[in-house]
Amino acid sequence: MGLRSESHQLLSKIATNDKHGENSPYFDGWKAYDIDPFHLTQNPNGVIQMGLAENQLSSDLIEEWIKKNPEASICTPEGVKAFKDIANFQDYHGLPEFRNAVAEFMGRVRGGRVKFDPNRIVMGGGATGANELLVFCLADPGDAFLVPTPYYPAFDRDLRWRTGVQILPITCNSSNNFKITVEALEEAYKSATESNINVKGLIITNPSNPLGTTLDKDTLKQLVTFVTQKNIHLVCDEIYSATIFRSPRFVSIAEVVQEVDCCNLDLIHIVYSLSKDLGLPGFRVGIVYSYNDQVVSCGRKMSSFGLVSSQTQHLLALMLSDEDFVGRFLGESSKRLAKRYTIFTEGLKQVGISCLNGNAGLFFWMDLRPLLKEPTFEAEMELWRVIINDVKLNVSPGSSFHHTEPGWFRVCFANMDDLTMETALRRIRTFVNQKKGGDVVSVKNKRWQKNLRLSFSARIYDDGIMSPHMSPHSPMPHSPLVRAQN
Amino acid sequence: MGFISSDHNNEQLLSKIATNNGHGENSPYFDGWKAYDSDPYHSAQNPNGVIQMGLAENELCFDLIQKWVANNPKASICTAEGANEFKDIAIYQDYHGLPEFRQGVAKFMGKVRGDRVMFDPDRIVMSGGATGAHEMLAFCLADPGDAFLVPTPYYPGFDRDLRWRTGTQIVPVVCESCTNFKLTKEALETAFQKATEAKIRVKGLLITNPSNPLGTVLDRDTLKTIVRFTNDKNIHLVSDEIYAATVFNKPGFISIAEIIEEETYCNRDLIHIVYSLSKDLGFPGFRVGIVYSYNDQVTLCARKMSSFGLVSTQTQHLIGSLLSDDIFTEKFIAESADRLAKRHEIFTKGLAQVGIGSLESNAGLFFWMDLRRLLKESTIKAEMALWQLIIHEVKLNVSPGSSFHCSEPGWFRVCFANMDDDTVKIALRRIRNFVLQSKGLDQGPAKRQCWQSKLQVSLSFRRLDDFVMAPHMMSPHSPISSPLVRARN
């Protein structure tokens, strides 16, 4: 065959470096889930997936629409006459009806406060491809983008792997209320410039993954002012824009640029996708919307590397231009997300766990700092392993998002049915109670041990790696949920 | 609101990639497209428009596909029968791809090769069309500045796909008409040496088999020579086999997959296949690109990279069903070959009758037409002049050989599978008329008057008088004594 070392030289540097990001410990949670996935009936003690930001709450609405609109498909009797033309359509401009519908939808999501030009809609291979495409257009190898932390882990791959571009993190944490401050931006910019690093832009995700919060108008205005002064790009990843479920309402960069004087539109770009808002990640619908004509033109040419399947363009063109459906979907989806968010965060509050006050996203940002042995990332990873292996929940540790304070975890809640949700919540609450109760004297432990009906997963605690002073078998005395179990 | 910055400022604002010409669209090749776009032929609405013969699309067998789709509603996630799968399919984003999709594609690839080889579904990696597949492989196999050897003439899109965002180079391996464009060991060695002397590191050889634009397949000896060459040099061999199922005549198709079974000495870590459903099935819109590598590390890496261009699961689901239907695929492959053969024959025979030859071919969606005799002189400039004539006067968008980096002027690629039968007749008539009139230009002025009054000239030729012609060229209105023209008088 070939010698391993020869094989190594045979391939490119890109192929043999780590920048695909999959060697990070972050993937351990996935592996644990993959070998022991929860199933309500077939594997009720398996790992529940709470590390995947998917939106499965409103797929029934989409299915209902599909059934009522057979002509949207090129495979139904009603739609098959379009099969040939659609299968043959490979123009990188995309189907006009698709671009029109996406532009309409983006406007609706922003409450009609802005209009989007269908001619600026450029396709990408999912948001993954869209982000990479934009970086290829805006930056050369070695250039850098400022990215506020905590941020979506795969940016490390999407923005850097094949492009050769760097990421300079801008720290946001609880000490500054997770705000992106101009001071932090200026400092990072200065530091980069002094190291001869060419900063080409700032990339923000709004609503934020993993925080689940939106940026206020003032902050956005400050960011626009900052990039204009420095003549660098502002890329706004707005892929969670339709997951807002309570106030404050979403303010898009598209609205802000309408209001700010002296804003250089050539610097403003939006990344969008239907993976989160509509729950269609399999369809790979990535969108680049740039206010810079040259970027649109170049981006469009590059989109050849990751166009959206015309079959899918055709389906979505009809779906997203159905105003009634869109209105109903957006309203209902928000409601369901709000409900889930409330159930989880209230349920955790009751056991003394707080979460960042969020208003968007498919997840919440959980504060487990009180449960850390010490405020270090080692302690965070240890706690995380316990949560995966013993509590059997795959949640995502803050460090995987490059967060600078140990103890925060992102918990996804929109990718499961109600029963699974209840199970997950019960497991977290039980775990938290037991962790907290671990500080109580061992006599109490023994008494609780006999009386308490433990969830199966807790029994494993005896075998699990726990620090000596804790026992999992002593719950908080005041929790109604635990009492009810006795 | 905002102000638009100057172009100069914009240049610095954007990347080098964004502001260079690596996308390839400034090539004169695109003039034909623009002419077509501004004046597209339509049998009823624009019968004098430009007929598109520059697009290698396969539209001959959609009836078979549509029939299958109508009979297999479960293949769609939108039909009443299939909608129960909608949710699971829409949410599935695993870059391994749906198992049924990979199995269907692997099976189909085997069928297309007469089941002489089997493909492992676990080596099937998705990409954004063949466009994405080529770029992905270049990213995996080469660093910026490295080069791939590519035999000429080759598909113009390679300039963009292999080089634009990757920073790799192409070193052409010249193939000439005197040897029927055969890929020789000498040509390979020459190209390799040239690169080495220029201190360019060659990482691989990219072959397209069946060939675009030639429409020919590589014979066993040539394939063995190629494998021996790449193996000796320890460089990669990428075989683009996207026209594999368009082989319509003997000799049959021999895939690199078959050769490596025979040439057991060869290092399989160097062998990779690019495939797609755009040509064989006529589905360019579905963006189904495939990278099939015999190198485990490349498979792993490419799979991670495929995140940038996965196939829509809606499409994976449909294709998986379609290609697992053995009865359908066998019938399709046979019928498609049959229809391509017929089209190919109509055109090549029709042109032979007016003295225009083409390279003998047995595959592809096009033929390689020889118009060297119609050139004023054997230069690219003359080829381009002839081409402008063909676009603007004959109203056919064919592709000049120079756009395929052909080393000899006068060759044109003519696509024939993207039109209906009536358009075929009109296209053929236009070419034949043009050829006859061009040939008649060599005749003396006296004869010209005689024919001029009697001959019914098609509308498009009246304008030739206005066209810029070299002085020694004659009026177009004097035909050769062709049976076709005689019949019209």
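Residues numbered from 1 in each chain as written. Chains lettered and ligands numbered in written order. Predicted model: local features only at pLDDT ≥ 70, side-chain atom pairs only at ≥ 80, totals over all residues. Heavy atoms only, no water.

To keep it simple, the criterion reads: UniProt positions are given in the numbering used here, feature names are shortened, and annotations may be inferred rather than shown by experiment.
Under an unreviewed UniProt entry, the name given to chain B is 1-aminocyclopropane-1-carboxylate synthase, and the source organism is Actinidia chinensis var. chinensis. According to the UniProt record, the Cofactor (unreviewed entry) comment for chain B is "pyridoxal 5'-phosphate".

In the nomenclature of an unreviewed UniProt entry, chain A corresponds to 1-aminocyclopropane-1-carboxylate synthase from the organism Actinidia chinensis var. chinensis. You can read under Pathway (unreviewed entry) in the UniProt record for chain A the words "Alkene biosynthesis; ethylene biosynthesis via S-adenosyl-L-methionine; ethylene from S-adenosyl-L-methionine: step 1/2." Listed in UniProt under the heading Cofactor (unreviewed entry), the comment for chain A reads: "pyridoxal 5'-phosphate".

1. Some words on the packing of aromatic side chains
Note the following rule: For Phe, Tyr and Trp, rings pair up if their centres lie within 6.5 Å, where Trp contributes its six-membered ring, and each pair is then called stacked (planes under 30 degrees apart), edge-to-face (over 60) or tilted (otherwise). Numbering of helices and strands runs from the N terminus, with a helix taken as a DSSP run of H or I at least four residues long and a strand as a DSSP run of E at least two residues long. Categorising residues by exposure relies on relative accessible area from a 1.4 Å probe, with only protein chains included: less than 20% of the type maximum marks a residue as buried, more than 50% marks it as exposed, and the intermediate range marks it as partly exposed.
Taken as a whole and judged by the stated rule, the model has 37 aromatic pairs over all chains. With a centroid separation of 5.4 Å and 90° between ring planes, the pair formed by Phe178(A) and Trp408(A) is classed as edge-to-face. Of this pair, Phe178(A) sits in the loop between β4 (166–170) and α9 (182–194) while Trp408(A) sits in strand β13 (residues 408–412), placing them 230 residues apart in sequence. Both residues of the pair, Phe178(A) and Trp408(A), count as buried. Considering the side-chain rings of Tyr155(B) and Phe158(B), the 5.3 Å spacing of their centres and the 85° angle between planes classify their relative orientation as edge-to-face. Given a relative accessible area of 1%, Phe158(B) falls into the buried group. Through pairs of rings, three or more aromatic residues link up here, namely Phe245(A), Tyr341(A), Phe344(A), Phe364(A) and Phe413(A).

2. A word on the UniProt feature "domain: Aminotransferase class I/classII large" (unreviewed entry) in chain A
The sites that carry the UniProt feature "domain: Aminotransferase class I/classII large" (unreviewed entry) are, in the present numbering, residues 48–428 of chain A. Structurally, residues 48–428 of chain A is divided into 41% helix and 15% strand, and its ends, taken at the C-alpha atoms, are 11 Å apart.

3. As for the UniProt feature "domain: Aminotransferase class I/classII large" (unreviewed entry) in chain B
As annotated by UniProt and renumbered to match this structure, "domain: Aminotransferase class I/classII large" (unreviewed entry) occupies residues 51–431 of chain B. The span residues 51–431 of chain B is 42% helical and 15% strand by assignment, and the distance between its end C-alpha atoms comes to 11 Å.

4. As for the domain arrangement of chain B
Residues and elements named next belong to chain B. Under the convention used in this document: A domain assignment, automatic or from a database, supplies the domain bounds used here. The contact criterion used throughout is that any non-hydrogen atoms of two residues lie within 4.5 Å. By convention, the term buried area covers the 1.4 Å-probe accessible surface removed from two parts as they join, with the contributions of both added.
When cut into domains, chain B gives domain 1 (28–62 + 331–436) and domain 2 (72–328). In this structure, domain 1 and domain 2 have C-alpha centres spaced 26 Å apart. If you look at the interface, domain 1 gives 30 residues, while domain 2 gives 37 residues. Across the domain 1/domain 2 interface, buried area totals approximately 2,800 Å², and carbon plus sulfur atoms make up 64% of it.

5. Side note on empty space enclosed by the protein
Counted only if it meets this: Put plainly, a pocket is an open set of points on a 1 Å grid over the protein atoms alone with protein on both sides within 12 Å along at least five of seven lines, a cavity is a set where a 1.4 Å probe fits but cannot get out, and a lining residue has an atom within 4 Å of a point. Grid points are joined across faces, edges and corners, and a volume is the space filled by probe spheres set on the points. Each residue gets one label: Ala, Val, Leu, Ile, Met, Phe, Trp, Tyr, Cys and Pro are nonpolar, Asp, Glu, Lys and Arg are charged, and the others, such as Gly, are polar.
Under the criterion given, the structure shown has 12 cavities of 30 Å³ or more. Of all the secondary structure elements, the ones that give two or more residues to the lining of the largest cavity are β2 (121–125) and α7 (126–138) of chain A together with β2 (124–128) and α7 (129–141) of chain B. Residues of the lining of the largest cavity, tallied by class, amount to eight nonpolar, 10 polar and four charged.

6. Some words on the pattern of salt bridges
What counts here: Whenever a carboxyl oxygen of Asp or Glu lies within 4 Å of a side-chain nitrogen of Lys or Arg, that contact is scored as a salt bridge.
This model, assessed by the stated rule, comprises 54 salt bridges over all chains. Across the pair Arg336(A) and Glu332(A) runs a salt bridge, and its minimum N-O distance is 3.0 Å. Of the two residues, Arg336(A) and Glu332(A) are both situated in helix α14 (residues 323–349); the distance of four residues between them amounts to about one turn of the helix. Assessed through its relative accessible area of 23%, Arg336(A) is described here as partly exposed. Each of the salt bridges in this network shares a partner with another, and the network as a whole consists of Arg220(B), Lys224(B), Arg228(B), Glu262(B) and Glu263(B).

7. Considering the interface of chain B and chain A
Spelled out, the test is: Pairs of N or O atoms within 3.5 Å make up the polar contacts considered here, provided that, within protein, one atom can donate a hydrogen while the other can accept it, and that residues adjacent in sequence are counted only when both atoms are side-chain atoms.
Facing 80 residues of chain B, the contacting portion of chain A comprises 88 residues. Where Glu135(B) meets Arg162(A), a salt bridge forms, and the shortest distance between an N and an O atom there is 3.9 Å. Taken together, chain B and chain A are joined by 25 residue pairs in polar contact (both at pLDDT 80 or more). Among the elements of the structure, α1 (7–13), α2 (16–19), α4 (62–71), α5 (86–91), α7, α8 (157–163), α12 (296–305) and α13 (313–324) of chain B are those that each provide at least two residues to the side of chain B that touches chain A. The leading source of residues in the side of chain B that touches chain A is α7(B), at seven residues. Split by residue class, the side of chain B that touches chain A holds 37 nonpolar, 28 polar and 15 charged.

8. Topic: the pairing of strand β3 (residues 147–151) of chain B
Residue and element names in this part refer to chain B. Rule in force here: Paired strands are those between which DSSP finds at least two bridges. Clockwise travel from the first strand over the helix to the second, with the strands pointing away from the viewer, marks a crossover as right-handed.
The buried fraction of β3 amounts to five of the five residues, a majority that puts the element mostly inside the structure. The alternating pattern of β3 places Ala147, Leu149 and Pro151 on one face and Phe148 and Val150 on the opposite face, and all of these are buried. As defined by bridge partners, β3 adjoins strand β4 (residues 169–173) across five bridges and the pair is classed as parallel. Across the sheet, Leu149 pairs through a bridge with Val171, a residue of β4. After leaving β3, the chain enters α8 and then returns to the sheet as β4, a path that is right-handed. Where β3 and strand β5 (residues 202–208) come together, three bridges link them in parallel fashion. Its bridge partner being in β5, Phe148 is matched across the sheet by Gly204.

9. Side note on the sheet that holds strand β12 (residues 396–397) of chain A
All names here are of chain A. Our working definition: Every axis corresponds to a line fitted to the C-alpha atoms, with the helix fit spanning only the stretch in contact, and the corresponding angles, defined between N-to-C directions, vary from 0 to 180 degrees.
Strand order in the open sheet formed by four strands is β9-β10-β13-β12, with antiparallel pairing between adjacent strands. Whereas interior strands pair on both sides, the edge strands pair on one side only; in this sheet they are β9 (354–355) and β12. Pairing analysis gives two bridges linking β9 to strand β10 (residues 363–367), with the strands arranged antiparallel. When the bridges of β10 are listed, Cys355 appears paired with Met366. Across the sheet, α14 touches β9 and β10, and the angle it forms with β10 is around 10°.

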